[in-house]
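Residue-level structural notes
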Amino acid sequence: MKQLISNIRNKPQHHKNRIILITLIGVVAFMLVLWAVVGMPPREGTSGDVIFEFNQNVQESKDALPNLFPTSNE
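Now for a look at the structure at hand.

**Here's the deal with the overall build of the protein chain**
Scanning the protein chain for helices and strands turns up 3 helices and 0 strands. Counting the 74 residues in the protein chain, one finds 0% classified as buried. Carbon and sulfur atoms provide 64% of the accessible area of the protein chain, an area that totals close to 7300 Å².

**Some points on helix H2 (residues 13-38)**
With 26 residues, H2 ought to run about 38 Å at 1.5 Å a step, and its terminal C-alpha atoms sit 37 Å apart, in line with that. With its phi angle positive at about 70°, glycine 39 sits one or two positions after the end of H2.

**Re a nonpolar patch on the surface**
Side chains of Val27, Phe30, Met31, Val33, Leu34, Val37 and Val38 sit close together on the surface and give an oily, nonpolar patch of about 720 Å² of accessible area. A relative accessible area of 41% means that leucine 34 is categorised as partly exposed.

Criteria and thresholds
- Residues numbered from 1 in each chain as written.
- Predicted model: local features only at pLDDT ≥ 70, side-chain atom pairs only at ≥ 80, totals over all residues.
- Heavy atoms only, no water.
- Helix = DSSP H or I, 4+ residues; strand = E, 2+ residues; numbered from the N terminus.
- Buried < 20%, exposed > 50% of the residue type's maximum accessible area, 1.4 Å probe, protein only.
- Areas by Shrake-Rupley, 256 points an atom, 1.4 Å probe, with all protein chains shown as cover.
- Expected span 1.5 Å × (residues − 1).
- Patch = residues over 30% accessible without salt bridge, like charges linked within 9 Å, V, L, I, M, F, W, Y side chains within 5 Å.
- Salt bridge = Lys/Arg side-chain N within 4 Å of Asp/Glu carboxyl O.

Take a look at the structure:
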């Protein structure tokens, strides 16, 4: 490993830049493949369903904990 690093240090700057670029592209490609294989969890519903569920949860919280949501009459 030390000899590999020494060989890279002895190369001209444009060769070093090429090695860095190739390494960077390889790491990015690996991360993209890993992300595609593992993937993100599937989205459930549409954005309207999410808003509806949020509003419903807020209403349930108001019913369960009325002292946390004072009315404007006070």
